[in-house]
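Structural overview for review
Given next are the chains, with one letter for each unit.
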Amino acid sequence: MGENLVIVESPAKAKTIEKILGKDFNVKSSFGHIRDLAKKDLGVDINNKYQPSYIVPDSKKKIVSELKSLAKKAKYVWLASDEDREGEAIAWHLSEVLGLKDENTKRIVFHEITRTAIEDAVKNPRKINHNVVQAQQARRVLDRLVGFELSPLLWKKVKPSLSAGRVQSVAVRLLVEKERDILNFKTSSSYKITAIFYFTGSGGEIIQVNAELSRKLKNNAEARIFLEKCHNASFEVSSVTSKSSKRSPAPPFTTSTLQQEAGRKLGFSVAQTMAVAQKLYEAGKITYMRTDSLSLSSLALNVASKLISDKYGSKYHLLRKYKTKSKGAQEAHEAIRPTYLENMTVEGPATEVKLYDLIWKRTIASQMSNAEIEKTIVSISVSNMEDVFTVSGEVISFDGFLKIYSASVDEEDEKSTKIIPPSLREGKKLEYKTIMATEKYSQPPYRYSEASLVKKMEELGIGRPSTYAPTISTIQNRGYAVKGHQSGEERKIEILEMTEGTIKEFQKNERYGSEKSKLLPTDIGMVVNDFLIAHFKNILDYNFTALVEKEFDEIASGRLNWVKMIDKFYSGFHPIIEKTLKESEKSTGERVLGKDPKSGEDILVKVGKYGPIAQIGRAGNDQKPRFAGLRENQRIETISLEEALELFKLPREAGSFEDDPLVISTGKYGPYIRHKGKFYSLGKEDDPLKISEERAIEIILLKREADKKKLIKTFAEKENLKILNGHWGPYISYEKKNFKIPKNIKPEDMDLEKCMEIIEKAKNRPTHQAGKKSSKKST
């Protein structure tokens, strides 16, 4: 067993590989050591990737020491980290730290954890690819240079504790530009004409047909004239055009398309998709999930062929070999697919079952026949006008791949189709039942969802499969974007409806602008973006970011020296940092809304130390400026003067309770009630300017009741020590610090001595260095 030492990243991966290789191989997980190295030297957050358990520094040293000892005893050391640049760099780091000798070090890679793949990798080991390591090194250094130089600049010129990064800042730019497109969108209205026609079928039944005019009308008056003409017109089917077409299945999943489809079909976030896929991969259920390749192995193609033919019939199978469109595809050599296609389902948590089902169906569908569609367009002429109504529809004559899977689309691409009655033939006379003119407003662009942002980043060549999820998580964690729902607003639309020659006009309420789970740039995100665009336009240029990715590819293939590439970039970048530091003004996104009616001072909005604020007056005047925080749904670029003035009505008294006033105000963490020196947060549904005395009392009583349930025990000897019930179980609260109670101890039975014992043990425990907050400087 000691002759072969295999080192992988995670415990789950080690466990699966150990079962395959057997007793001749000693498989070890180096996750604690890998995480430490990756954070320190690679700029990679392995916490997100592998989710290792808590390890204090002494344990890390023990792991390294153990690996060194095992490596010395082993005849061969097999480095089996993932098959991407990150994994190659990890293998190199292990080799360096453990002092491995070239002659007994073997690098093995595989894109699936199956017996065939692992055994084949062991039969065909290779050396560490130093070009690939240097490409990862170049990415790390470049991203650190950008992050470490831009971030301190933002602290001085915008707001403390901000960060910038080569990829994350470009992603924020995409969100900001989309938001401004929406804000600047000029809506216009027109009238859509629809009609319900009918005719008598061969069996005497009444058959209805829904049709639409092939053009839109400009206004209400034009729509009314059109309806009046239609009353005296006759309608006839002037043509029926049918056309056969074929619809091909989507290719198997790459990282980005899996993230997009899981978002649309399953409602998964990008980070959740990757976390679940990681577990499926490490359990040997799917192939490697960080890939931009579309190809499938010969074995997978053969299994798919037999499975489809046996289950659905040979006419449903069509061999397809997809070619990867991405020039820089480097993350792996195969698309994401089940390792064993004959397994239609897997056991495990619901999220794993759902994602596996999606991957299985997409893979199998990619090897199935085209769906055959019969598309039909019916034209209906109007006797006294040149206008034509149309009915379009389709019938699936052969379902093909649609039997098991249909790829979803973004909102912009959604279309609806109808089924055309077979008896609707050319020359058929029709009567109208209802003709309706409905006012329609032009729609602004849709905001990005996580899935559509990944799609856009991939189209522009920004980032790589391994960077999409952490980038999207970072811009949300840093407060540059929020994911949420937009409730939209209501407006009235005009409708004209003609039935039997009588035109009825009425209004209907329509909700517009509502969106779910979309990414919205925050005020601070927009201000930072504007500052970076003004001074570092090249860094945020989409072509520059894509070009850098291509240069990393050149380094990985050995055609470009990474040091020269970094030197060329930095020699142009650093002088701009110095110039901006000296010459640029502080950027707050300030916008003057008007004058305060009472004082005559300017009312403005801007980004302050703790976020977006409204301000009356300026520093240096006779009176000190007054400040009020913007509410959650308010934005610097859209807030009105009237809305800003409302903010200064706080704090206000909403009544009294227990002989003390109920003071409503807002602070750093949102609106709250202050009562008897205590603070009670308002719910999202509560408007601080309108909340009643009754509702304020209700919130206070609910909080008191919750606090009672939370409290387990107190001690008269130490009033500031309490045993409380928390989200993660019971704990001790003492001197503004929390201490976990071991599971084998009943909290209600604890005395003061036991509490202090637990507190002292926790205080003497070694500090977990890797758990400290990382620098705000980001890649």
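Basis of the calculations
- Residues numbered from 1 in each chain as written.
- Predicted model: local features only at pLDDT ≥ 70, side-chain atom pairs only at ≥ 80, totals over all residues.
- Heavy atoms only, no water.
- Helix = DSSP H or I, 4+ residues; strand = E, 2+ residues; numbered from the N terminus.
- Buried < 20%, exposed > 50% of the residue type's maximum accessible area, 1.4 Å probe, protein only.
- Contact = heavy atoms within 4.5 Å.
- Salt bridge = Lys/Arg side-chain N within 4 Å of Asp/Glu carboxyl O.
- Core = buried A, V, L, I, M, F, W, Y, C linked by side-chain atoms within 4.5 Å.
- Pairing = 2+ DSSP bridges.
- Axes fitted to C-alpha atoms, helices over the stretch in contact; angles between N-to-C directions.
- Arc of directions from axis to C-beta.

**Observations regarding the overall build of the protein**
- When helices and strands are tallied, the protein shows 21 helices and 26 strands.
- Its C-alpha atoms give the protein principal-axis dimensions of about 95 × 80 × 65 Å.
- Taking all 779 residues of the protein together, the buried fraction comes to 47%.
- Considering only residue pairs separated by 6 or more positions, the protein has 70% of its internal contacts joining residues 24 or more positions apart.

**Some remarks on the pattern of salt bridges**
- Counting across every chain of the model gives 50 salt bridges.
- Between Glu 112 and Arg 337 there is a salt bridge whose closest N-O contact spans 2.5 Å. Taken as a pair, Glu 112 in the loop between strand 4 (105-107) and helix 6 (115-123) and Arg 337 in the loop between helix 12 (298-312) and helix 13 (350-365) lie far apart in primary sequence, 225 residues in all. With respect to class, Glu 112 is no different from Arg 337; both count as buried.
- The salt bridge involving Lys 403 is made with Asp 399; its shortest N-O contact spans 3.6 Å.
- Members of the salt-bridge network, linked through shared partners, are Glu 179, Arg 447, Glu 515, Lys 518, Asp 523 and Arg 635.

**Describing the nonpolar core**
- The biggest cluster of nonpolar side chains holds 122 residues, and the ones touching the most others in it are Phe 110 and Leu 355.
- Looking at this core element by element, the count peaks at 10 residues for helix 7 (residues 130-157).
- Those residues in contact with Phe 110 that sit more than four places away from it in its chain are Lys 13, Ile 17, Ala 80, Glu 83, Ala 117, Ile 118, Ala 121 and Tyr 281.
- In terms of nonpolar packing, the next biggest core, distinct from the first, is built from 31 residues, Ala 195, Val 237, Val 391 and Tyr 432 among them.

**Let's talk about the sheet that holds strand 4**
- Spatially, the four strands line up as an open sheet ordered 2-1-3-4, and their pairing is parallel. Strands at the two margins of the open sheet, each flanked by one partner only, are strand 2 (26-29) and strand 4. Direction aside, neighbouring strands of the sheet carry axes that sit 25 degrees apart on average.
- One ladder, built from four bridges, connects strand 1 (residues 4-8) with strand 2; its direction is parallel. If you follow Val 8 over to strand 2, its bridge partner there is Ser 29.

**Describing helix 6**
- Those residues of helix 6 lying buried are Ala 117, Ile 118, Ala 121 and Val 122. Along the axis of helix 6, the buried residues cluster in a sector spanning 130 degrees; they form a single face. In this structure, helix 6 carries Thr 116 and Lys 123 as exposed residues pointing more than 90 degrees from its buried face.
- Next to the buried residues of helix 6 lie helix 1 (11-21) and strand 3 (76-79).

Remember that the coordinates give geometry; whether it matters functionally is a separate question.
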